[in-house]
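Here are the chains, one letter per residue:
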Amino acid sequence: VQLQASGGGLVQAGGSMRLSCAASGRTFSSYSMGWFRQAPGKEREFVAAISWSGGSTDYAHSVKGRFTISRDNAKNTVYLQMNSLKPEDTARYYCAASDSTRYYRHDVYDYWGQGTQVTVSS
(Lines give C-alpha, C1' and ligand atoms only; values in the text may rest on other atoms or scores of the structure.)
Protein backbone atom coordinates (compact mmCIF):
# COMPACT_ATOMS: atom_id res chain seq x y z
CA VAL A 1 0.00 0.00 0.00
CA GLN A 2 1.20 3.52 -0.78
CA LEU A 3 0.22 6.42 1.45
CA GLN A 4 -0.02 10.14 0.69
CA ALA A 5 -0.62 12.55 3.54
CA SER A 6 -1.90 16.09 3.03
CA GLY A 7 -3.56 18.95 4.85
CA GLY A 8 -0.69 20.31 6.91
CA GLY A 9 0.27 23.95 7.19
CA LEU A 10 0.51 26.85 9.61
CA VAL A 11 -2.18 27.52 12.20
CA GLN A 12 -2.44 29.64 15.32
CA ALA A 13 -2.66 28.07 18.74
CA GLY A 14 -6.23 27.14 19.54
CA GLY A 15 -7.05 26.56 15.91
CA SER A 16 -8.04 23.44 14.03
CA MET A 17 -6.69 21.45 11.12
CA ARG A 18 -7.62 18.23 9.36
CA LEU A 19 -5.06 15.91 7.90
CA SER A 20 -5.90 13.36 5.23
CA CYS A 21 -4.05 10.27 4.12
CA ALA A 22 -5.01 8.68 0.83
CA ALA A 23 -4.03 5.07 0.27
CA SER A 24 -3.57 3.20 -2.95
CA GLY A 25 -4.63 -0.37 -3.49
CA ARG A 26 -7.88 -2.24 -3.23
CA THR A 27 -7.37 -3.69 0.24
CA PHE A 28 -7.33 -0.49 2.26
CA SER A 29 -10.23 -1.69 4.38
CA SER A 30 -8.12 -4.57 5.69
CA TYR A 31 -5.40 -2.33 7.15
CA SER A 32 -5.13 -0.87 10.59
CA MET A 33 -4.17 2.80 10.22
CA GLY A 34 -2.22 5.13 12.43
CA TRP A 35 -0.88 8.65 12.70
CA PHE A 36 2.53 9.40 14.14
CA ARG A 37 4.51 12.62 14.43
CA GLN A 38 8.10 13.71 14.76
CA ALA A 39 9.31 17.08 15.94
CA PRO A 40 12.84 18.34 15.21
CA GLY A 41 15.36 16.72 17.52
CA LYS A 42 12.80 14.31 18.94
CA GLU A 43 11.89 10.71 18.33
CA ARG A 44 8.84 9.78 16.36
CA GLU A 45 5.81 9.30 18.60
CA PHE A 46 2.43 7.69 18.31
CA VAL A 47 -0.56 10.00 17.92
CA ALA A 48 -3.64 7.93 17.07
CA ALA A 49 -4.74 4.64 15.51
CA ILE A 50 -7.91 3.11 14.14
CA SER A 51 -8.98 -0.45 13.46
CA TRP A 52 -9.75 -1.72 9.96
CA SER A 53 -13.49 -1.21 10.44
CA GLY A 54 -13.16 2.15 12.14
CA GLY A 55 -14.97 0.80 15.15
CA SER A 56 -12.05 1.08 17.54
CA THR A 57 -9.57 3.86 18.12
CA ASP A 58 -6.62 4.66 20.35
CA TYR A 59 -4.96 7.96 21.20
CA ALA A 60 -1.84 9.24 22.83
CA HIS A 61 -2.56 10.84 26.17
CA SER A 62 -1.28 14.19 24.92
CA VAL A 63 -3.93 14.45 22.19
CA LYS A 64 -6.88 12.63 23.72
CA GLY A 65 -9.96 14.82 23.68
CA ARG A 66 -8.47 17.18 21.09
CA PHE A 67 -7.73 14.92 18.11
CA THR A 68 -10.07 12.50 16.32
CA ILE A 69 -9.02 9.78 13.91
CA SER A 70 -11.52 8.45 11.40
CA ARG A 71 -11.53 6.59 8.11
CA ASP A 72 -13.63 6.26 5.00
CA ASN A 73 -12.95 2.87 3.47
CA ALA A 74 -14.97 3.73 0.37
CA LYS A 75 -12.54 6.58 -0.29
CA ASN A 76 -9.39 4.75 0.85
CA THR A 77 -8.69 7.64 3.20
CA VAL A 78 -7.92 8.11 6.87
CA TYR A 79 -8.29 11.47 8.60
CA LEU A 80 -6.93 13.21 11.67
CA GLN A 81 -9.07 16.08 12.92
CA MET A 82 -6.98 18.25 15.22
CA ASN A 83 -8.68 20.82 17.46
CA SER A 84 -7.38 23.13 20.16
CA LEU A 85 -3.93 22.94 18.66
CA LYS A 86 -0.93 23.83 20.79
CA PRO A 87 2.59 24.90 19.83
CA GLU A 88 3.84 21.56 21.14
CA ASP A 89 1.79 19.83 18.42
CA THR A 90 4.22 21.24 15.87
CA ALA A 91 5.76 18.30 14.01
CA ARG A 92 5.81 16.39 10.80
CA TYR A 93 2.83 14.06 10.80
CA TYR A 94 3.00 10.65 9.17
CA CYS A 95 0.26 8.20 8.38
CA ALA A 96 1.03 4.52 8.53
CA ALA A 97 -0.65 1.23 7.72
CA SER A 98 -0.41 -2.23 9.22
CA ASP A 99 -1.50 -5.72 8.20
CA SER A 100 -2.01 -6.49 11.88
CA THR A 101 -5.40 -6.23 13.53
CA ARG A 102 -3.61 -4.99 16.65
CA TYR A 103 -3.99 -1.33 15.64
CA TYR A 104 -3.14 -0.27 19.21
CA ARG A 105 0.37 -1.75 18.96
CA HIS A 106 2.69 1.06 17.96
CA ASP A 107 5.30 -1.33 16.57
CA VAL A 108 3.17 -3.10 13.94
CA TYR A 109 3.12 -0.35 11.32
CA ASP A 110 5.10 -1.31 8.24
CA TYR A 111 3.92 1.08 5.55
CA TRP A 112 4.61 4.81 5.82
CA GLY A 113 3.72 7.94 3.92
CA GLN A 114 6.04 10.89 3.34
CA GLY A 115 4.47 13.05 6.01
CA THR A 116 2.98 16.51 6.13
CA GLN A 117 4.25 19.41 8.22
CA VAL A 118 2.05 20.97 10.88
CA THR A 119 3.23 24.19 12.51
CA VAL A 120 1.31 25.79 15.38
CA SER A 121 2.25 29.35 16.22
CA SER A 122 1.80 30.80 19.70
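Before going into details, it helps to say that this report is about the structure given with it. The structure presented is a predicted model; accordingly, all values stated were derived computationally and were not measured.

Quick look at the overall build of the chain
- Each helix and strand counted, the chain has zero helices and eleven strands in total.
- Viewed in the frame of its principal axes, the chain has a C-alpha envelope of about 40 × 25 × 25 Å.
- Here the chain, with 122 residues, has 44% of them falling under the buried criterion.
- In the form shown here, the chain has an accessible surface area of approximately 6,300 Å², with 44% of it arising from carbon and sulfur atoms.
- In the chain, the 13 positive side-chain charges and the 9 negative ones have mean positions that sit 4 Å from each other.

Description of the side chain of threonine 116
- With respect to the secondary-structure elements, threonine 116 resides in strand 11 (residues 116–121).
- Among the polar contacts made by the side chain of threonine 116, one reaches the main-chain amide nitrogen of glycine 8 at a distance of 3.1 Å.
- The contact partners of threonine 116, leaving out residues within four places of it in the chain, are Ala5, Ser6, Gly7, Gly8, Leu19, Ala91, Arg92 and Tyr93.

Quick notes on the side chain of threonine 77
- The residue threonine 77 is located in strand 8 (residues 77–82) in this model.
- A polar contact of 2.8 Å, which involves the side chain of threonine 77, links it to the backbone oxygen of lysine 75.
- Residues contacting threonine 77, with those up to four places away along its chain left out, are Ser20, Cys21, Ala22, Phe28, Arg71 and Asp72.

Digging into the pairing of strand 3 (residues 17–23)
- In terms of burial, strand 3 is largely enclosed, as five of its seven residues are buried.
- As paired strands, strand 1 (residues 3–6) and strand 3 are joined by four bridges and run antiparallel to one another. If you follow alanine 5 over to strand 3, its bridge partner there is cysteine 21.
- Pairing of strand 3 with strand 8 involves six bridges; the strand directions are antiparallel. Bridged to alanine 22 within strand 8 is threonine 77.

Observations regarding the environment of serine 51
- Here serine 51 lies in the loop between strand 5 (45–50) and strand 6 (57–59).
- The exposure class assigned to serine 51 is buried, which follows from its relative accessible area of 6%.
- Expressed as a C-alpha distance, the spacing of serine 51 and glutamine 12, which sit 39 residues apart in the sequence, is 31 Å.
- In this structure, serine 51 is in contact with Ser56, Arg71 and Tyr103, ignoring residues within four places of it in sequence.
- At 3.3 Å, the side chain of serine 51 and the backbone nitrogen of glycine 55 are in polar contact.

Rules and cut-offs
- Residues numbered from 1 in each chain as written.
- Predicted model: local features only at pLDDT ≥ 70, side-chain atom pairs only at ≥ 80, totals over all residues.
- Heavy atoms only, no water.
- Helix = DSSP H or I, 4+ residues; strand = E, 2+ residues; numbered from the N terminus.
- Buried < 20%, exposed > 50% of the residue type's maximum accessible area, 1.4 Å probe, protein only.
- Areas by Shrake-Rupley, 256 points an atom, 1.4 Å probe, with all protein chains shown as cover.
- Lys, Arg positive; Asp, Glu negative; His and termini not counted.
- Charge placed at Lys NZ, Arg CZ, Asp CG, Glu CD.
- Polar contact = N/O pair within 3.5 Å; in protein donor to acceptor, adjacent residues only side chain to side chain.
- Contact = heavy atoms within 4.5 Å.
- Pairing = 2+ DSSP bridges.

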